[in-house]
Structures are given as structure tokens and as C-alpha cells.
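Chain by chain, the residues:
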Amino acid sequence: NRAIAEPGGVFAVVLRTYAARPIRQGQVSIRVAKPVTKAARSRRVSSGASTPPPPPTSPPIATLLSAVIFSVNGDAQSRTSAAVDATGSNASLQFQSPSAGINAADGPLAVFFFQLDPGVAPGQKLNLEIDPKVTSLLDADGRQVVLDPRPGILEVRAPGAPRTLGTDGGTATAGGLATIAAQTFEPFAVSGGQIALRFDPDLLVGDPVVRMDPRYGQAVFTVDRGTPGLLVVSFTSPGASYNTIPGSIVAVDLTVAAGAAAGTVSPIEIDPLASWLLDAQGQKIDFILETGTLTIH
């Protein structure tokens, strides 16, 4: 997932899948790195002989704090390792689940928590990369799972700047299932709040199914479906545990109209007047709102 952090702050690299498939064991290696400049690429190409990498920078761009792997049966075991070189920070997570409960439900698979170097300037964007050479998953029968790794971005915001709350609709087909969601991009304590999602009621039809995944924390919620094209989800979180892991903190499954035209792009919006999140002290959190889209293909 995309991530956001302020200099010196804690950020979460959330690895997620788009299909459930039980996993018994595996390992994942990720890298937090500055983008390679054109000049650096040119030097690498023009150099005829291999040269040793430059010494690590001090301090590292990001320091691994911890990591977690999810199993629907609560039996995941894991261990981590970390390394640093001149251009970035590397972290690896090895894991297993005797019951193959890892990824038995799609969504968040694993999370790495890092602390960003205080010297990284606001406005920078760092690459979040999965290393396919040392990343592998074995299914319940011990067979290798074919992976299609997709990178992400870590955006560095100014200290004290508002956080970002966005939406996503992804892609769907006419007559199929679409999942729209309100998303966060950094971990912070949430004790409750309300999310009002607006969408096209002629495009997304049927009875909505609202989910607040317990992997993001504990929450008790109610849903107001009284207005077509508007879903209002109100919730509380005991102990302000929600959003311990950022991501699709409110997800809604809806059916796409059978007559929806391929190529349709429809906005998924958060109503700013009817939406808020509360911190651990019950105070409203300042946000920048971003609008995502649902694309019919």
C-alpha cells in the first residue's frame, strides 16, 4: 500500500493480496529506498567493471521496528532481519502457519513498521519495493505460488501537516462485485468517528455489505443506508485500537449494475461535512481528503 510519514515518524509498509489462497509458509523481502537518478543510472551503465557498493549511510533511511504476519487461525510464527546499504533499508520476514491460515482471507498479509530518518526532507517520495528474488510463498500443499509484485510509494509530509483520508474503488465488471473503501495511509490511534461514502446509486446497486476488518483494530459500528448513493458508517473503537494498521478502514461491497458500460469511471467520495475521525483523546483529527474512482472494464 501507499504510505505516508513525517520525518522521524513511524510508518507502516502494508503488503496486501487481491485474492485469498491459504499459505503455509514463505518469506518476503522489502526495500525502502530513494529513487535512482538518471545520472546514477548512467554511471552504472558506463562502468565497464563491477565495483563494490558505497558504504552505508548513517543513519539509515528507515529503521525496522517490528513486523507482523496475519493468519485467520492465529497460528502465524515469524522472524525478521534487516540490513542497510548506501541507498536504502532492507527488511525480511520469514513466516509459517501450521494450519495454512495465512492469506486464507484476502487483504493485509503482512505489515512492516519502520521509523523514518528525521533528516529526510518533507516532499520526498521513497520507493517501497518487494524483492522478487528472495520473496516466495508456499500454499497449503507446499506448492510455489506465482507472484506479481507491485511496488508502492512512501510520501514524506511536513511535521504537523494534516493526515490524508482517501477513497478507492478499484476496477469491476458489469454485474460483478465492486469494493469501495475509505483509506488511511499511516498508523495513528482512532477511538471512533464517522465515514460518509458517496457513490453513484445507478451504477452501484443492491444491498451494501459494510466491513471493518479486525486486522486494522477493534471497532463496533452501525450503518445508515437511508439515502441512495450515501452510506454513513459510525463507529467506536475500544482502547483507540483502530487504525493500528492503516489501509481500507471502511470497506463496502456492492453490485455493479448489469448495464454498466465498459470504460465508465465513477468517483467515490467522502462527504467532508458528515465524516470525521477522533484521536485517543476524543478530538477530531485534521485531514486532507482525496477522491478515488471506480472503473468498469
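Scroll up for the structure.
All of these numbers come straight from a predicted model, not from anything done at the bench. (Residues numbered from 1 in each chain as written. Predicted model: local features only at pLDDT ≥ 70, side-chain atom pairs only at ≥ 80, totals over all residues. Heavy atoms only, no water.)

1. Some words on the environment of Phe 113
- Counting through the fold element by element, Phe 113 comes out in strand β7 (residues 107–116).
- Along the primary structure Phe 113 and Asn 73 are separated by 40 residues, whereas in three dimensions their C-alpha atoms are 22 Å apart.
- Contact partners of Phe 113, with chain neighbours within four places excluded, come to Val 10, Phe 11, Ala 12, Thr 63, Leu 64, Leu 65, Ser 66, Thr 244 and Ile 245. (Helix = DSSP H or I, 4+ residues; strand = E, 2+ residues; numbered from the N terminus. Contact = heavy atoms within 4.5 Å.)

2. Digging into the sheet that holds strand β13 (residues 177–184)
- With mixed pairing, the 5 strands of this open sheet are ordered in space as β15-β18-β13-β11-β21. The strands lining the two open edges of the sheet, one partner per strand, are β15 (204–211) and β21 (287–289). Strand-to-strand twist of the sheet, defined as the mean angle between neighbouring strand axes without regard to direction, takes the value 20°.
- Pairing geometry for β13 and strand β18 (residues 248–256), over 7 bridges, is antiparallel. Bridge pairing in β18 places Ala 181 opposite Ala 251. (Pairing = 2+ DSSP bridges. Axes fitted to C-alpha atoms, helices over the stretch in contact; angles between N-to-C directions.)

3. Digging into the pattern of salt bridges
- Per the counting criterion, the structure on display carries 13 salt bridges.
- A salt bridge links Arg 211 to Asp 253; the shortest N-O distance between them is 3.0 Å. Placement of the pair is Arg 211 in strand β15 and Asp 253 in strand β18, with a sequence separation of 42 residues.
- On the basis of relative accessibility, which here comes to 35%, the residue Arg 211 falls in the partly exposed class.
- For Asp 253, a relative accessible area of 14% corresponds to the buried category. (Salt bridge = Lys/Arg side-chain N within 4 Å of Asp/Glu carboxyl O. Buried < 20%, exposed > 50% of the residue type's maximum accessible area, 1.4 Å probe, protein only.)

4. A word on the sheet that holds β7
- The antiparallel open sheet is built from 3 strands, whose spatial order is β2-β7-β4. The open sheet has two edge strands with one neighbour each: β2 (10–17) and β4 (62–69). The average angle at which neighbouring strand axes cross in this sheet is 20°, direction not considered.
- Here β4 pairs with β7 via 7 bridges, running antiparallel. Bridge assignment links Ala 62 to a residue of β7, and that residue is Leu 116.

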